[in-house]
Amino acid sequence: MVPALLHRLRHVLNPHSHDAADRADPAMEGSREGIRALWVSVAGLGLTAVLQALVAAWSGSVALLGDTLHNAADALTAVPLGIAFLLGRRPANRRYTYGYGRAEDLAGIVIVLTVAASAALAAWAAADRLAHPRAVGGLPFVAAAGLAGFVGNELVARYRIRTGRRIGSAALVADGLHARTDGCTSLAVVLGAGGVALGWSWADPLVGLLITLAILVVGGKAGREVYRRLMDAVEPTLIADAEAVLAATPGVLRVAALRMRWIGHRLHAETDLVLAPDLTLARAHEIAVDAEHRLLHAVPRLAAATVHPDPESAHAHDALRHHRHPPAGHRH
């Protein structure tokens, strides 16, 4: 009685609607935050690339020139992600009934492929430098430019990752991890310049090979995150918390099933709740609405929940049993 009263009081003090149009507002705001993060990132990486390009042109450092091109390419990864955020704003229709949020996952694939291409390019550049050593001038300026590239990329990476996790965008998080790998590449320029200053002509390509491994590791993490999103994976703790909220709803005997998936940076849920078999249709509907209401409050970034009430009966789904669990060799 007391928890229910407190729940209703909080709702009165902080009223809101759960209509589809109103639930679209947080999704729209998430897209705005994502696009804002992309523009800030492009500005930061663009400035870093310009500064590095000036030093590369003056010093003749091929390594720094490669890092400059790498940072410029990283800024361009904002293009597919920005398009995805814009597509995500489009409302659902009869063909795309869940909307266009999956465009973010497709953009995530492009980003992961870009990371892989970056690793391949870094490996090729390191091997080429080992085979054809080149003199580098103005080493202190080259090292400073590399350090600037590292700092710029790390700041952009943190901003992208923080924003991506706040709005639930796996693609933006992957793009942030990509920026972090580029920062490692910039740091390799600093270490390589230090080695060359000590007379180790092989230092620059050796560090480049080591950084290639680092790019592959971080790229693997980004790829795993995008893969899990494409496979509709969610954190098990999120499922456990949602089940606890549903089970605590008055009138719910137990939670028979709960499924959740990400579509873009918004969650969708479907659940089967077991209720007493003697309830009226109106009462069962009230319990289902209350369960959905509680779930929308408890789960961050949950856009919608479909609640199916089941009567407590061993034969409740007999007519569907052969559809849900077809015998071996049976086809529909």
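Residues numbered from 1 in each chain as written. Predicted model: local features only at pLDDT ≥ 70, side-chain atom pairs only at ≥ 80, totals over all residues. Heavy atoms only, no water.

Caption draft 1: Region of interest: the packing of helix H4 (residues 78–88) against helix H5 (residues 103–131). Two elements in contact, H4 and H5, have axes separated by 8 Å at closest approach and are oriented at 175°. The orientation of H4 with respect to H5, classified from their angle, is roughly antiparallel. Across the interface between the two elements, Pro 80, Leu 81, Ala 84, Phe 85 and Leu 87 from H4 touch Ala 103, Glu 104, Ala 107, Val 110 and Ile 111 from H5. Of the residues assigned to the contact of H4 with H5, the class counts are nine nonpolar, no polar and one charged. (Axes fitted to C-alpha atoms, helices over the stretch in contact; angles between N-to-C directions. Helix = DSSP H or I, 4+ residues; strand = E, 2+ residues; numbered from the N terminus. Parallel < 35°, antiparallel > 145°, perpendicular 65-115°, else oblique. Contact = heavy atoms within 4.5 Å. Nonpolar A, V, L, I, M, F, W, Y, C, P; charged D, E, K, R; others polar.)

Caption draft 2: Up close: unusual backbone geometry. Within the chain, Asp 232 stands out as a residue other than glycine whose phi angle is a positive 60°. Along the chain, Asp 232 turns up in the loop between helix H8 (203–230) and helix H9 (236–247). Asp 232 sits in the partly exposed class, given a relative accessible area of 26%. Of note in the backbone geometry, Arg 301 takes a positive phi value of approximately 60° without being a glycine. Of the residues examined, Arg 301 reaches a relative accessible area of 26% and is grouped as partly exposed. (Buried < 20%, exposed > 50% of the residue type's maximum accessible area, 1.4 Å probe, protein only.)

Caption draft 3: Representation of a nonpolar patch on the surface. Side chains of Leu 130, Leu 198, Trp 200, Trp 202, Leu 206, Leu 209, Leu 210, Leu 213 and Leu 216 sit close together on the surface and give an oily, nonpolar patch of about 920 Å² of accessible area. By residue number, the principal contributor to the nonpolar patch is H8, which donates five residues. You can call Leu 198 exposed: its relative accessible area is 59%. (Patch = residues over 30% accessible without salt bridge, like charges linked within 9 Å, V, L, I, M, F, W, Y side chains within 5 Å. Areas by Shrake-Rupley, 256 points an atom, 1.4 Å probe, with all protein chains shown as cover. Salt bridge = Lys/Arg side-chain N within 4 Å of Asp/Glu carboxyl O.)

Caption draft 4: Region of interest: the environment of Ala 269. Mapped onto the secondary structure, Ala 269 falls in strand S2 (residues 266–275). Note: C-alpha distance between Ala 269 and Leu 302 (33 residues apart in sequence) is 7.7 Å. Residues within four places of Ala 269 in sequence aside, it is in contact with Arg 259, Met 260, Leu 295, Leu 302, Ala 304, Ala 305 and Thr 306.

Caption draft 5: Layout of the side chain of Asp 310. Here Asp 310 is to be found in strand S3 (residues 302–311). The buried category is assigned to Asp 310, whose relative accessible area is 8%. A polar contact of 2.7 Å, which involves the side chain of Asp 310, links it to the side chain of His 308. (Polar contact = N/O pair within 3.5 Å; in protein donor to acceptor, adjacent residues only side chain to side chain.)

Caption draft 6: Quick look at the pattern of salt bridges. Evaluation of the coordinates by the stated rule reveals ten salt bridges. Residues Glu 154 and Arg 180 are paired through a salt bridge, measuring 2.9 Å at the closest nitrogen-oxygen approach. Separated by 26 residues along the polypeptide, Glu 154 in helix H6 (residues 139–167) and Arg 180 in helix H7 (residues 170–197) bring together distant segments of the chain. According to the relative accessible area criterion, Glu 154 is buried, its value standing at 15%. Judged by its relative accessible area of 27%, Arg 180 falls in the partly exposed class. In this structure, Arg 259 engages Glu 270 in a salt bridge whose closest nitrogen and oxygen atoms are separated by 3.6 Å. Taken together, the residues Arg 259 in strand S1 (residues 254–263) and Glu 270 in strand S2 connect sequence positions eleven residues apart. Take Glu 270: its relative accessible area is 33%, and that puts it in the partly exposed class. Three or more residues joined by partner-sharing salt bridges are found here, namely Arg 102, Asp 105, Asp 232 and Arg 261.

Caption draft 7: View of the environment of Glu 235. Its location among the elements puts Glu 235 in the loop between H8 and H9. Judged by its relative accessible area of 52%, Glu 235 falls in the exposed class. Sequence spacing of Glu 235 and Met 260 is 25 residues, and the spatial spacing of their C-alpha atoms is 9.7 Å.

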